[in-house]
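Secondary and tertiary structure notes
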Amino acid sequence: MAKTPSPCIDVCKFKREGHCIGCSMTKAQKSLFKQLKTNKHRDAFVEMLVGQQSHLGRYKHWAPQYLKKCMKKKAKPIAVVRKAA
């Protein structure tokens, strides 16, 4: 199975108190995700990010874009992402 792709959807504008308007990650979180090697850790990170997006609000656009990215990379998205889309 393919690696869980980065939650980044290539917007990368940190205009919401240090959070990206595309995916809600901070610059530190982006760096952290790059260091995660196993799908277990990457999936847990994405699940945490979905919770963060829910808390921050205004991220309904992310899940459909991330699902497209997963399909393109032939990676199975975690259930919480499929549910959010």
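Placed above this text is the structure.
Residues numbered from 1 in each chain as written. Predicted model: local features only at pLDDT ≥ 70, side-chain atom pairs only at ≥ 80, totals over all residues. Heavy atoms only, no water.

1. A few points about the nonpolar core
Within the largest apolar cluster, 18 residues are counted, with the highest numbers of intra-cluster contacts made by Met25, Val46, Trp62, Tyr66 and Val81. Among the secondary structure elements, those contributing two or more residues to this core are helix H2 (39-56) and helix H3 (62-72). Residue contributions to this core peak at five residues, all from H3. (Core = buried A, V, L, I, M, F, W, Y, C linked by side-chain atoms within 4.5 Å. Buried < 20%, exposed > 50% of the residue type's maximum accessible area, 1.4 Å probe, protein only. Helix = DSSP H or I, 4+ residues; strand = E, 2+ residues; numbered from the N terminus.)

2. Focus on the packing of aromatic side chains
Working definition: an aromatic ring pair is given by the centre-to-centre distance plus the angle between the planes. Counted by the stated rule, this structure contains two aromatic pairs. Look at Trp62 and Tyr66: their rings are 4.8 Å apart centre to centre, the planes differ by 15°, and that puts the pair in the stacked class. Note that Trp62 and Tyr66 are positioned in helix H3 at a spacing of four residues, about one turn of the helix. Here the guanidinium or amino end of Arg16 rests over the ring plane of Tyr59, the centre of that ring lying 4.9 Å away. (Phe/Tyr/Trp six-rings, centres within 6.5 Å; stacked < 30°, edge-to-face > 60°. Lys NZ or Arg CZ within 6 Å of the ring centre and 35° of its normal.)

3. So, the side chain of Lys30
Topologically, Lys30 is positioned in helix H1 (residues 27-35). No salt bridge is formed by the buried Lys30; the nearest opposite charge belongs to Asp10, separated by 6.6 Å. Beyond its immediate chain neighbours, meaning those up to four positions away, Lys30 contacts Cys8, Cys12, Phe14, Cys23 and Met25. (Lys, Arg positive; Asp, Glu negative; His and termini not counted. Salt bridge = Lys/Arg side-chain N within 4 Å of Asp/Glu carboxyl O. Contact = heavy atoms within 4.5 Å.)

4. Overview of the state of the cysteines
All chains considered together, the criterion is met by zero disulfides. Between Cys20, a free cysteine, and Cys23, which holds the nearest cysteine sulfur, the sulfur-to-sulfur gap is 4.0 Å. The buried category is assigned to Cys20, whose relative accessible area is 1%. In this structure Cys23 comes out as buried when scored by relative accessible area, which is 0%. (Disulfide = S-S within 2.5 Å.)

5. Section: the layout of surface pockets
The calculated volume of the largest pocket comes to roughly 230 Å³. What lines the largest pocket is simply Val50, Gln53, Ser54, Gly57, Arg58, Tyr59, Lys60, Trp62, Ala63 and Ala84. At the level of secondary structure, the elements contributing two or more residues to the lining of the largest pocket comprise H2 and H3. In terms of residue count, H2 provides more of the lining of the largest pocket than any other element does, three residues in total. The class makeup of the residues in the lining of the largest pocket is five nonpolar, three polar and two charged. (1 Å grid on protein atoms, 1.4 Å probe; cavity = no way out; pocket = protein on both sides within 12 Å on 5 of 7 lines; lining within 4 Å. Points joined across faces, edges and corners; volume = space filled by probe spheres on them. Nonpolar A, V, L, I, M, F, W, Y, C, P; charged D, E, K, R; others polar.)

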